[in-house]
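# Observations on the model geometry
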Amino acid sequence: MTATPKLAVWKFASCDGCQLTLLDVEDDFMDIAGAIQIAHFPEATRAVVEGPYDLSLVEGSITTPHDAERIREVREVSRTLVAIGACATAGGIQALRNYADVGDFLKIVYAHPEYIDTLATSTAIEDHVEVDFELRGCPISKKQLVEVIDAFIHKRKPNIPGHSVCVECKLRGTNCVMVAQGIPCMGPITQAGCGAICPAYDRGCYGCFGPAESPNIDSLASWWSDLGVGRVDLVRALRTFNAYSPEFREASEAYER
Ligand code: SF4
Ligand code: SF4
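Heads up: these notes are all about the structure in this document. Source: prediction; values computed, not measured.

## Some details on the overall build of the chain
A count of helices and strands for the chain gives 12 helices and 5 strands. Expected size for 257 residues packed as a compact globule is a radius of gyration near 18 Å; at 19 Å, the chain falls within 12% of this value. Counting only C-alpha atoms and orienting by the principal axes, one finds that the chain spans roughly 60 × 50 × 25 Å. Of all 257 residues assigned to the chain, the portion counted as buried reaches 47%. Relative to all contacts within the chain whose residues are 6 or more apart in sequence, the contacts with residues 24 or more apart total 71%. As displayed, the chain has an accessible area near 13400 Å², and 52% of this comes from carbon and sulfur atoms. Once the 23 positive and 35 negative side-chain charges of the chain are each reduced to a mean point, those two points are 2 Å apart.

As structure tokens, this is what we get:
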């Protein structure tokens, strides 16, 4: 009989929303708990089973020297490491610091900035250690998380699409808010996974799932320009939840020039 695989959940700079998704999978949680041993998950239990771990889910970005050291230790005790959420896969909202001087923020926010030991940047897990799979979203989708864990248990590749949110609009029969209402929408360049929630409520997607596979950002910029959106607002839209994903970062820097 093979041993039950051990799951560990780790937190770095983040809001906890993605790891809470695991507790929020409702009925599926009992199936997961039956198939996998929850060995390290401080958000859920104080009980800790020693590693190594078969599957580590890592939430959050690397923002301090201690984080940079700790993620290497996590990698060493993890057979498979999956980065979950916009923070872990693209540096998160906190990556906005990468476009400014972090020293200026420290002076404004803290009475004694000299006590703060931080890095100048917020970066993705993959920038520090090898990552076996990245699951995007802010927060991640419950359905996609269950799919990734199920794929791990059954030793298969996760079935996570790389196509855009536009495909999900078509699948749920939502009229395109950009075409029908002239609302700027990031859907054409954003990865699917949320089920196109925002357009279904008559608002544009603001890109929380990060770049879709091969996003045509120049085409989106041209659409937005026709809708009267200026470059400053386009750059701002690219620099929200996934500001430091390579695709959004490169485009935002090009449009800022
Ligand atoms: S509403 Fe947005 S995501 Fe949906 S089809 Fe239109 S552009 Fe694409
Ligand atoms: S439509 Fe866009 S912004 Fe809204 S939840 Fe989906 S990916 Fe996020």
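## Quick look at the state of the cysteines
By the definition in use, this model includes 0 disulfides. Not part of a disulfide, C138 finds its nearest cysteine sulfur in C208, a span of 5.9 Å.

## A closer look at the site of ligand 2
Near ligand 2 the following residues occur: T190, C194, C198, P199, C205, Y206, G207, C208 and F209. Broken down by class, the residue content of the shell around ligand 2 amounts to 7 nonpolar, 2 polar and no charged.

## Points about the pattern of salt bridges
The tally for this structure, following the rule as stated, stands at 10 salt bridges. The closest approach of N and O atoms between K11 and D16, which form a salt bridge, is 2.5 Å. Given the relative accessible area of 33%, K11 is considered partly exposed. In this structure, the salt-bridge partner of K142 is D24, at a minimum N-O distance of 3.7 Å. Pair noted here: K142 is in helix α6 (residues 142–153) and D24 is in the loop between α1 (17–23) and α2 (27–35), with a separation of 118 residues, a long-range link. Relative accessible area serves as the criterion here: at 33%, K142 is assigned to the partly exposed category.

The rules behind the values
- Residues numbered from 1 in each chain as written.
- Chains lettered and ligands numbered in written order.
- Predicted model: local features only at pLDDT ≥ 70, side-chain atom pairs only at ≥ 80, totals over all residues.
- Heavy atoms only, no water.
- Helix = DSSP H or I, 4+ residues; strand = E, 2+ residues; numbered from the N terminus.
- Rg over C-alpha atoms; globule rule 2.2 N^0.38 Å.
- Buried < 20%, exposed > 50% of the residue type's maximum accessible area, 1.4 Å probe, protein only.
- Contact = heavy atoms within 4.5 Å.
- Areas by Shrake-Rupley, 256 points an atom, 1.4 Å probe, with all protein chains shown as cover.
- Lys, Arg positive; Asp, Glu negative; His and termini not counted.
- Charge placed at Lys NZ, Arg CZ, Asp CG, Glu CD.
- Disulfide = S-S within 2.5 Å.
- Near = heavy atom within 4 Å.
- Nonpolar A, V, L, I, M, F, W, Y, C, P; charged D, E, K, R; others polar.
- Salt bridge = Lys/Arg side-chain N within 4 Å of Asp/Glu carboxyl O.

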